[in-house]
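Now for the letters of each chain:
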Amino acid sequence: MRNEIAIMADPDTVTGFMLGGIKSGFPVHNKDEAKTTLKQLVDDEYPIIITTEKIGDELRDDITKYSGSKALPMIIEVPDKSGSHKRETDPMNELIKRVIGVEMVK
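Residues numbered from 1 in each chain as written. Predicted model: local features only at pLDDT ≥ 70, side-chain atom pairs only at ≥ 80, totals over all residues. Heavy atoms only, no water.

Ranked by size, the top nonpolar core spans 14 residues in total, and within it Met8, Leu38, Leu41, Ile49, Ile55, Leu59 and Ile75 carry the most contacts. Put simply, the parts of the chain that give this core at least two residues each are strand S1 (5-9), helix H2 (31-43) and helix H4 (60-67). Non-local contacts of Leu38, meaning those with residues more than four positions away in its chain, are made with Met8, Ile49, Leu59, Asp62, Ile63, Tyr66 and Ile75. Residues Ile7, Val14, Ile22 and Ile50 belong to the second largest nonpolar core, which totals seven residues. (Core = buried A, V, L, I, M, F, W, Y, C linked by side-chain atoms within 4.5 Å. Buried < 20%, exposed > 50% of the residue type's maximum accessible area, 1.4 Å probe, protein only. Helix = DSSP H or I, 4+ residues; strand = E, 2+ residues; numbered from the N terminus. Contact = heavy atoms within 4.5 Å.)

Quick look at the packing of aromatic side chains now. Counted according to the given criterion, the structure contains one aromatic pair. Ring geometry for Phe26 versus Tyr46: centroids 6.0 Å apart, planes at 75°, classification edge-to-face. Placement of the pair is Phe26 in strand S2 (residues 24-27) and Tyr46 in the loop between H2 and strand S3 (48-52), with a sequence separation of 20 residues. The exposure class assigned to Phe26 is partly exposed, which follows from its relative accessible area of 26%. Judged by its relative accessible area of 5%, Tyr46 is buried. (Phe/Tyr/Trp six-rings, centres within 6.5 Å; stacked < 30°, edge-to-face > 60°.)

Burial of S3 is extensive: four of the five residues sit out of reach of the surface. Where S3 meets strand S4 (residues 74-78), five bridges bridge the pair, whose relative direction is parallel. Looking across to S4, one finds that Thr52 is bridged to Val78. (Pairing = 2+ DSSP bridges.)

Moving on to the packing of H2 against H4. Between H2 and H4, whose axes approach to 11 Å, the crossing angle comes to 5°. The angle between the axes of H2 and H4 places the two elements in the roughly parallel class. Across the interface between the two elements, Lys35, Leu38, Lys39 and Val42 from H2 touch Asp62, Ile63 and Tyr66 from H4. Split by residue class, the contact of H2 with H4 holds four nonpolar, no polar and three charged. (Axes fitted to C-alpha atoms, helices over the stretch in contact; angles between N-to-C directions. Parallel < 35°, antiparallel > 145°, perpendicular 65-115°, else oblique. Nonpolar A, V, L, I, M, F, W, Y, C, P; charged D, E, K, R; others polar.)

And the structure:
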C-alpha cells in the first residue's frame, strides 16, 4: 500500500492542492476520464483520494463500490472553485460514520 494522498479533480483544483504540498495530482476533464482515473488510483492502493463534490456526485456508484464497507481507500470530497452545493446526504458524515462508527449529529 502506498503512503501518499492523491488528488483527482479539475486541473485548477489539482494545481491548488499540489501547490499546498500534495505530490500525486491527477487532473481529469470529464466523467469517463474521472471514472478510469479513480479505478487506477484504487488499483494503485492510494489510501486517501481527494476529489471534488461534482466528481463525487457523478461517480457515486463507483465511490460506494470502492470504499463502501472498507476503511481504505478513504475517498474525500471537497468543494471545487465554484464552491459547495446542497446535497441530500453528506458524504463526509457518511465517511465518519463508516470509519469510526459514530454518526455526527447537527
